[in-house]
Structures are given as structure tokens and as C-alpha cells.
Amino acid sequence: MYLGIDFLVAPDLQPYVVEVNLGLPGGAQEYELACLVHSGRPSDVFRTIEAISREVYGKPFREYLYSLPWLESLKPFKLWLDGQGPFPQTFHPALRLEDKWVQYQILSPLVPMPETRVLDPENSLEAERFLVLKGRLVGKRRLGRGGREFRLIDRAEDLVEETARDYGCLLQEWVDSRVGPYVFSIRSVAFGGRHVCLYANLASRAYSNHGILAYVDSGERLGLSADDFATRSFNQRSWEAEIWFGRDEPAYLHHNLYEDEAATAALILPAGIVKFIKEISVRIERFYESLDFTALPRAFFE
């Protein structure tokens, strides 16, 4: 199964899985741009994906993707999540994996994840105890993408704003994944039992989604290859957009599908962390491939 898996790295260098994205998540195009800007050379990521698809699944990647029985439901579901369409008429139980609480329930026994709880509007005392225990929390939608309604929670008063969400709310312990002045996350792509690529998102805001792309290199320490670096902006149609939408793409997604900024500097991660992220990514991909979707916990939207 083609997955984009997001990681944070705590100050003690412990990596945490924070989200798993299925369908055709971003990752390959961003890696290509990060590699191109950092090294001056394109990667072979698209050829790698095509080779894995033919070797493991016996068909070209586009054909593999559109053979998935849940794709017909997932595409309109993504538009519904963005408030741009009705709930899909055809429901497939694989859509339960879009609920981040379902992800947490099935993955947290297997891989490191930040401690997470569902915010119960009827039990504010439990949420306040969790805040006192962790010191700082993150509030995020159970259903959503792109960092929508992401909030840092430092006070009990902040919890009040979290109770009125239409898509449900999770409270998650805050992981200070930071390098110099930037917060960062790692997007890792796995497919067919293989690790495909990884890159970093850097940002000066509270969350790193769709930040500055950075190539990831192995080294002895966490840091940037250069403190002062240039960036290059792109406005070109992504590989994922061509496969996912063909010629019929929603105008509201132009920024996500076309616009990127990549750094000349690389994010340096200790070699052990890079190895860990790659191994965990493949482990999650193999686990997802084996799932019986009908046996998953019911999602928030059911």
C-alpha cells in the first residue's frame, strides 16, 4: 500500500509517528524538488515507484492505484473533508483510517506515537488533568488535513475553544520537533514493502505542514547543513495531481498541488534515526497492507 507517514523528532532524538496518509499522499514530488535544489540533480524516485509497482503488484503504478477497491470512496471523501463536496454515497470501511483516533488505536501498540486522547466535551476535568500532566498539548481535528484548526494548548481556558469542532477533536502531547529556529517534521513514503524516500518540512509557525522542503541527510548530529540558506520556489503541477485528478482538479487545491519552496540546505539527522524512520515506515506499510478494514474500530463519521 502506498503510504505517506509523518514523524516528529523530540529533543531527546526519539522519533514519533504522528499521522499516516493513504491514497496518493504527497511525498514523491516534494522529495524530487528537495533533492534537485540541494544537490542540483533530479532523483530517481518516480522510476523507483514504478519499478516497485510492477515487481510487487504486477501492474503499472497508475493501474495499481485505481485497482484499489476503496479509491472510489476516498476521492470524494477527501473533498468532503475540505468542505468542498457531499459525503460519498459509497462507503468503504478503509475510510476509517482517515480518522486519526482510529490510526492511534491500531498503531500506538506497535510504534512510538505521542500520547493522544479524544476530547470529551462532557468531561473537561479529564482534559485538564491531561494538560497538567503534559504541560502543553496540541489540539487537532480527528478528521482533516493541511494543519486545519491545529492549536497549541497551554492553559485550561484554551480547552474551551476545542469543544465546538464539527470534526471531533484530539488532544495530543506536544512534541517539540525543532532544529534551530524551525519546527520540522519528516514525511516518509513506503510502498510494497520498500522504503521509497523521505524529506523534511521546515516552518517558523507552530506546525510544519507544507513548509519549506529540505533534503534529509545522515550525520552525527541533528542540525542543518547551513544556518543561512537560500530557497527556490516552484509553481508546477505535481506528479500526484496528474495521477489523482487527471485534467479535472479543484481550483481550491492549487497551492497544494502546484506551489512548493525548497531549501538549498539539508536537514541532518543521526544515522540511527534515519534507519529507524525507514524501518518503522515499512513496518506500518506492511501492517496496513494486511488489515481487514471491516474489523477496524468505527470512525467518528459513521
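Here the structure is a predicted model, which means the values were calculated and not measured.

Undergrad: It is not clear to me how the overall build of the protein chain should be interpreted in this structure. Could you clarify?
TA: For the protein chain, the helix and strand inventory stands at ten helices and 13 strands. For a compact globule of 302 residues, the expected C-alpha radius of gyration is about 19 Å, and the protein chain comes in at 19 Å, within 12% of that figure. Seen through its principal axes, the protein chain has C-alpha atoms that stretch 55 × 50 × 35 Å. A burial count over the protein chain gives 52% of its 302 residues as buried. Across the protein chain, the fraction of contacts at a sequence separation of at least 24, relative to all contacts at a separation of at least 6, is 68%. With the model as given, the accessible surface of the protein chain reaches about 13,800 Å², and the carbon-plus-sulfur share is 48%. Separation of charge centres in the protein chain, based on 34 positive and 43 negative side chains, amounts to 3 Å.

Undergrad: Would you mind showing me how to read unusual backbone geometry here?
TA: Of all residues except glycine, most have a negative phi; of all peptide bonds, most are trans. The backbone of L13 sits at a positive phi, close to 70°, despite the residue not being glycine. Tracing the backbone shows L13 in the loop between β1 (3-9) and β2 (15-21).

Undergrad: Before we go on, may I ask you to explain the packing of helix α1 (residues 28-39) against helix α2 (residues 45-57) in this structure?
TA: Viewed as axis vectors pointing N to C, α1 and α2 meet at an angle of 145°, and their least axial separation amounts to 9 Å. Listed contacts from α2 to A28, Q29, Y31 and E32 of α1 are V45, F46 and I49. The residue makeup of the contact of α1 with α2, split by class, is five nonpolar, one polar and one charged.

Undergrad: Could you clarify how one ought to interpret the sheet that holds strand β3 (residues 116-118) in this entry?
TA: Backbone hydrogen bonds hold the strands of a sheet together, and the pairing may be parallel or antiparallel. Across the sheet, four strands lie side by side as β3-β6-β4-β5; this open sheet has antiparallel pairing. The open sheet terminates on both sides in strands that have one partner only, identified here as β3 and β5 (151-153). Geometrically, the sheet is characterised by an average inter-axis angle of 30° between neighbouring strands, direction not taken into account. With three bridges joining them, strand β4 (residues 137-141) and β5 adopt antiparallel strand pairing. Looking across to β5, one finds that G139 is bridged to R151.

Undergrad: Just to check I follow, could you spell out the packing of aromatic side chains for this structure?
TA: Aromatic ring pairs are reported here in terms of the distance separating the ring centres and the angle at which the planes meet. Scanning the entire structure with this criterion turns up 21 aromatic pairs. Between Y57 and F191, the aromatic rings sit 5.4 Å apart at their centres with planes inclined by 25°, giving stacked as the arrangement. Of the two residues, Y57 sits in helix α2 while F191 sits in strand β8 (residues 182-191), which places them 134 residues apart along the sequence. As far as the burial class goes, Y57 and F191 line up, both buried. Following the ring pairs from residue to residue traces out a cluster consisting of Y2, F46, Y57, F61, Y64, F191 and W239. The ring of W244 is capped by K75, whose NZ or CZ atom sits 5.4 Å from the centre of that ring.

Undergrad: Just to check I follow, could you spell out the pattern of salt bridges for this structure?
TA: Two side chains bearing opposite charge may form a pair once their charged atoms approach each other closely. Inspection of the entire model under this criterion finds 19 salt bridges. The shortest N-O distance in the salt bridge between D6 and R187 comes to 2.5 Å. Taken together, the residues span a long stretch of sequence, with D6 in strand β1 and R187 in strand β8 at a distance of 181 residues. D6 gets classed as buried once you look at its relative accessible area, which sits at 13%. Using a relative accessible area of 11% as the deciding quantity, one classes R187 as buried. We note a salt bridge from E302 to R298, for which the minimum N-O separation is 3.7 Å. Connected through salt bridges with shared partners, the residues E115, R117, K134 and E173 form a single ionic network.

Rules of the game
Residues numbered from 1 in each chain as written. Predicted model: local features only at pLDDT ≥ 70, side-chain atom pairs only at ≥ 80, totals over all residues. Heavy atoms only, no water. Helix = DSSP H or I, 4+ residues; strand = E, 2+ residues; numbered from the N terminus. Rg over C-alpha atoms; globule rule 2.2 N^0.38 Å. Buried < 20%, exposed > 50% of the residue type's maximum accessible area, 1.4 Å probe, protein only. Contact = heavy atoms within 4.5 Å. Areas by Shrake-Rupley, 256 points an atom, 1.4 Å probe, with all protein chains shown as cover. Lys, Arg positive; Asp, Glu negative; His and termini not counted. Charge placed at Lys NZ, Arg CZ, Asp CG, Glu CD. Axes fitted to C-alpha atoms, helices over the stretch in contact; angles between N-to-C directions. Nonpolar A, V, L, I, M, F, W, Y, C, P; charged D, E, K, R; others polar. Pairing = 2+ DSSP bridges. Phe/Tyr/Trp six-rings, centres within 6.5 Å; stacked < 30°, edge-to-face > 60°. Lys NZ or Arg CZ within 6 Å of the ring centre and 35° of its normal. Salt bridge = Lys/Arg side-chain N within 4 Å of Asp/Glu carboxyl O.

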